[in-house]
Amino acid sequence: PEDLYRVGTLCKIESTSPTETGSRQIVVTGLGRYRVAEFQIQPEGYISARGETVADVHSPNAIRNEALFYNLKEIAKEVVELLPGATEQLIKLID
């Protein structure tokens, strides 16, 4: 699929739960950066991918890294609070 990114986050699904709107809420843990070499459309209709993990890029400035991470967590909490349904578990994961 041409409209999918080739680099993203490899995740482990921690839990899924139904929402009030009939969709599902999925909680994942990021395991690392991942580069897709090949997408495969399975007969069941879902997409799978083959690729490799990629090393994360880190800044040598530890204070800047800590500040960016703190801000990211605060923004993530704000986004989670906008979601329908119970979000307490998600907030705990972010903290």
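Keep in mind the model is a prediction, meaning the values are calculated, not measured. (Residues numbered from 1 in each chain as written. Predicted model: local features only at pLDDT ≥ 70, side-chain atom pairs only at ≥ 80, totals over all residues. Heavy atoms only, no water.)

## Re the pairing of strand E2 (residues 24–41)
Relative to E2, strand E1 (residues 7–18) runs antiparallel, the two sharing 11 bridges. Residue pairing in the sheet places Leu 10 in a bridge with Gly 32 of E2. The antiparallel pairing of E1 with E2 creates a hairpin that spans five residues between the two strands, and Gly 22 there sits at a positive phi of about 95 degrees. Sheet topology note: the E2/strand E3 (residues 47–54) ladder contains eight bridges and is antiparallel. Residue Arg 35 lies in a different strand from E3, and its bridge partner there is Glu 52. Here E2 folds back onto E3 in antiparallel fashion, the turn holding five residues, of which Gly 45 has a positive phi close to 105 degrees. (Pairing = 2+ DSSP bridges. Helix = DSSP H or I, 4+ residues; strand = E, 2+ residues; numbered from the N terminus.)

## Some thoughts on the pattern of salt bridges
Following the criterion strictly, the structure yields four salt bridges and no others. The partner of Glu 74 in a salt bridge is Lys 77, with the nearest N and O atoms 3.3 Å apart. Taken as a pair, Glu 74 and Lys 77 lie in helix H1 (residues 62–81) at a separation of three residues, close to a single helical turn. By relative accessible area, which is 16% here, Lys 77 ends up buried. The closest approach of N and O atoms between Lys 77 and Asp 95, which form a salt bridge, is 2.7 Å. Of this pair, Lys 77 sits in helix H1 while Asp 95 is found in the segment after helix H2 (88–94), placing the two residues 18 residues apart along the sequence. Look at Asp 95 and you get exposed, because its relative accessible area is 54%. Salt bridges sharing partners connect three or more residues here, namely Glu 74, Lys 77 and Asp 95. (Salt bridge = Lys/Arg side-chain N within 4 Å of Asp/Glu carboxyl O. Buried < 20%, exposed > 50% of the residue type's maximum accessible area, 1.4 Å probe, protein only.)

## Side note on the nonpolar core
Counting five residues, the largest nonpolar core is built from Val 27, Val 80, Leu 90, Ile 91 and Ile 94. With three residues, H2 is the single largest residue contributor to this core. Setting aside residues no more than four positions away along its own chain, Leu 90 makes contact with Gln 25, Val 27, Val 80 and Leu 83. (Core = buried A, V, L, I, M, F, W, Y, C linked by side-chain atoms within 4.5 Å. Contact = heavy atoms within 4.5 Å.)

Honestly, it's all geometry; don't read function into it.
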